[in-house]
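Below are the chains, spelled out letter by letter.
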Amino acid sequence: MTKILYILKKEFLVMGRDVHSLMVLFIMPVAFILIMSLAMRDLFDTHGANQIKILVVNQDKGAPSIAYIKTLENLRTFSFHHMADSTGIDFIRHKMFQEDYKFALVVEKGFSLIADSNESNTARRQMILLVKPSVNRQTYTILKNTFAASLAKARVAYLIKGQEEMLAYAGIDIEKVMQPTGDLIETRYVSKSKLKFKVPTSVQQSVPAWLVFSMFFVVIPISNTFIAERNYGTLLRLQSMNISTGLLLAGKLMPFFIVNLIQVLLMILVGIFVVPLLGGDKLTMGDSYGGLLLITTAVSFCSISFALLVASVAKTTEHATTIGGVFNIILGALGGIMIPKFVMPDFMQTLSVLSPMSWGLDGFLDIFLRNGNILDVMKESLLLFLLGLVMLSTTAIIIKRKLSL
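Residues numbered from 1 in each chain as written. Predicted model: local features only at pLDDT ≥ 70, side-chain atom pairs only at ≥ 80, totals over all residues. Heavy atoms only, no water.

## Focus on the overall build of the chain
Convention followed: Note on conventions: DSSP H or I runs of at least 4 residues are helices, E runs of at least 2 residues are strands, and numbering of each starts at the N terminus. Each residue gets one of three labels from its accessible area relative to the maximum for its type: buried under 20%, exposed over 50%, partly exposed in between, using a 1.4 Å probe on protein chains only. All accessible-area figures derive from a Shrake-Rupley calculation using a 1.4 Å probe, and residue coverage is judged against the displayed protein chains alone.
If you tally the helices and strands in the chain, you get 18 helices and six strands. Of all 405 residues assigned to the chain, the portion counted as buried reaches 44%. Accessible surface computed for the chain: about 21500 Å², of which carbon and sulfur atoms make up 64%.

So this is what it looks like as structure tokens:
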């Protein structure tokens, strides 16, 4: 017991001398959380005031075209900005790039033929949708389908005009028939334990992601201290004092586990208090603090084991920083840290299971976003502990061999 206390005292003293590496562990994730939470706010804000801006030019000016555009304006997803009916395509294109409009809708003359059912196919070709090439195909497809559905609704509304009395006599309520279906649908976000009215936000994604990423970056301070001790002969002196390799590794694990706990607490506080001050969404916690502690412990153990493995094989601190940094970036990009996994192609989502950061991220998302409990994060935690044990055992073998030379 006395030996481990002396080892811990030594580790904390050495850690305190490497202030710059410790600052990286805290400042970097705070910056990432603030930047990414605010940058991705519009991606997740499906219920806010943000709207897709669309330029609209009505060259037809007939009753059906006016009714159609009015139907589109009733959709709160879009914000239409009208231009003169004589505006040409070239000027519209210039306006789109000048003021960053991603879409423009041109209703050409002849659109009002929509009133004639025999001319419906012709009428559908009386609209032009201008799209900037930077818009992804999924967004364009959703927008086009929305316009087509609104067109069908406007056409039906125009065709039954004047038939209200007959329809009422038949017991058909026109208002209910023409009511937007979206108003009849209640949105609920499901969680693993129960239905919960928690709307997913950017900060719910950013905090877990950058928590995992920053915890794996302990490779920098651990490598600095470990390689310095090896070069100065500290490890050999400890071995001569009958300090076992297991006890030596335990002395490395415990201080940085405390550092990781501080990281988690700090990032959570940033998500709850700092991000809202800058105009972002507030982080909401899950209900399982036991699950949060379990996945935090598992990620911390795996990340420290990875750092020790890198430090044991690297020859210099620069070598270790390069190896650790490159692997962290690759694992982070593959594991959904840089880009949410749900926007990745299918083959990339399949590959993401190879990254331990993906396991940790899924565990944190289970707690923060899906209202999971200890059982829900048990699988990811066991995988992280198992991988950590493998890396830690490999590290112990490498250290024994190097010290015996």
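What follows continues from the structure just given.
## Thoughts on the pattern of salt bridges
Working definition: two side chains of opposite charge can pair if their charged atoms are close together. Short version of the rule: We count a salt bridge whenever a side-chain nitrogen from Lys or Arg sits within 4 Å of a carboxyl oxygen from Asp or Glu.
Counted according to the given criterion, the structure contains two salt bridges. Here Lys61 ties to Asp85 by a salt bridge, and the two come within 2.8 Å at their closest N and O atoms. Highlighted residues: Lys61 in the loop between strand E1 (52-58) and helix H4 (63-73) and Asp85 in the loop between strand E2 (78-82) and helix H5 (89-98), separated in sequence by 24 residues. You can call Asp85 partly exposed: its relative accessible area is 31%. The salt bridge involving Lys95 is made with Glu99; its shortest N-O contact spans 2.7 Å. Residue Glu99 is classed as partly exposed on the basis of its relative accessible area, which comes to 34%.

## Some thoughts on the nonpolar core
Heads up, the rule is: For the purposes of this section, nonpolar cores are sets of buried Ala, Val, Leu, Ile, Met, Phe, Trp, Tyr and Cys residues that join through side-chain atoms within 4.5 Å. Every residue pair with non-hydrogen atoms within 4.5 Å of one another is taken to be in contact.
Core analysis: the largest hydrophobic core is formed by 57 residues, its most contacted members being Val299, Ile337 and Phe364. For this core, the secondary-structure elements that each account for two or more residues are helix H10 (202-216), helix H11 (219-231), helix H13 (245-277), helix H14 (289-313), helix H15 (317-334), helix H17 (356-368) and helix H18 (378-404). Apart from residues no more than four positions distant in its own chain, Phe364 is found in contact with Pro208, Leu211, Val212, Leu292, Ile295, Thr296, Val299 and Leu369. Judged by nonpolar contacts, the second largest core, of 15 residues, contains Phe103, Leu143, Phe147 and Leu151.

## A closer look at the environment of Asp362
When you line up the elements, Asp362 lands in helix H17. Sequence separation between Asp362 and Val377 is 15 residues, and the spatial gap between their C-alpha atoms is 8.1 Å. The residues contacting Asp362, other than those within four sequence positions of it, are Lys341, Arg370 and Glu380.

## Observations regarding H10
Threshold: One less than the number of residues in a helix, times 1.5 Å, gives the span that helix is expected to have.
Here H10 contains 15 residues, and its C-alpha end-to-end distance of 22 Å stays within 8% of the 21 Å for a straight helix at 1.5 Å per residue. Within H10, 15 of the 15 residues are buried, leaving the element largely enclosed by the surrounding structure.

## Quick notes on the pairing of E2
Applicable threshold: Only when DSSP finds a minimum of two bridges between them are two strands counted as paired. Look down the strands so they point away from you; if going from the first strand over the helix to the second traces a clockwise path, that crossover is right-handed.
In the sheet, E1 pairs with E2 via five bridges, with the strands oriented parallel. Pairing of Lys53 across the sheet is with Ser79, part of E2. With H4 bridging E1 and its parallel neighbour E2, the resulting β-α-β unit is right-handed.

## Structural notes on the pairing of strand E3 (residues 103-107)
Along E3, five of the five residues are buried, which leaves the element largely enclosed by surrounding structure. Burial of E3 is two-sided: the residues Phe103, Leu105 and Val107 facing one way and the residues Ala104 and Val106 facing the other way are all buried. Where E1 lies against E3, five bridges are found, and the strand directions are parallel. Pairing of Asn58 across the sheet is with Val107, part of E3. Bridge analysis of E3 against strand E4 (residues 127-131) gives five bridges, and the strand direction is antiparallel. Bridge pairing in E4 links Val107 to Met127.

## A short note on the packing of H10 against H17
For clarity, the threshold we go by: Angular values range over 0 to 180 degrees, each being the angle between N-to-C directions of two axes fitted as lines to C-alpha atoms, with helices fitted over their stretch in contact. For this classification, under 35 degrees means roughly parallel, over 145 means roughly antiparallel, 65 to 115 means roughly perpendicular, and everything else is oblique. Crossings are sorted by hand: turned counterclockwise from the far helix by less than a right angle, the near helix makes the crossing left-handed, and turned clockwise it makes it right-handed. Here the nonpolar group is Ala, Val, Leu, Ile, Met, Phe, Trp, Tyr, Cys and Pro; Asp, Glu, Lys and Arg are the charged ones; every other residue, Gly included, is treated as polar.
Two elements in contact, H10 and H17, have axes whose closest approach is 9 Å; the angle formed by their N-to-C orientations is 140 degrees. The angle between the axes of H10 and H17 places the two elements in the oblique class. As H10 runs across H17, the sense of the crossing is right-handed. Here H10 contributes Gln204, Gln205, Pro208, Ala209, Leu211, Val212, Phe213 and Phe216 to the contact with H17, which in turn contributes Pro356, Met357, Gly360, Leu361, Phe364, Leu365 and Phe368. Among the residues making up the contact of H10 with H17, the classes are represented as twelve nonpolar, three polar and no charged.

## Focus on the packing of aromatic side chains
Filter applied, for reference: Aromatic contacts are taken between Phe, Tyr and Trp rings whose centres are within 6.5 Å, Trp giving its six-membered ring; a plane angle under 30 degrees counts as stacked, one over 60 as edge-to-face, and the others as tilted. Ring-over charges, as used throughout, are those where CZ of Arg or NZ of Lys falls within 6 Å of the ring centre and within 35 degrees of the ring normal.
Scanning the entire structure with this criterion turns up eight aromatic pairs. Arranged with centres 5.4 Å apart and planes meeting at 85 degrees, the rings of Trp210 and Phe213 form a pair that is edge-to-face. Taken together, the residues Trp210 and Phe213, both in helix H10 and three residues apart, mark about one turn of the helix. The aromatic ring of Tyr101 is capped on one face by Lys53, whose charged end is 4.8 Å from the ring centroid.

## Considerations on the side chain of Ser300
Structurally, the position occupied by Ser300 is in helix H14. For Ser300, the residues in contact, after removing those within four places along its chain, are Met215, Phe256, Phe257 and Asn260.

## Re the sheet that holds E3
Pairing is mixed across the open sheet formed by four strands, whose spatial order is E2-E1-E3-E4. Each edge of the open sheet is held by one strand with a lone partner, namely E2 and E4. The sheet shows a mean angle of 25 degrees between the axes of neighbouring strands, taken without regard to direction.

## Here we look at the side chain of Ser358
Counting through the fold element by element, Ser358 comes out in helix H17. For Ser358, a relative accessible area of 1% translates into the label buried.

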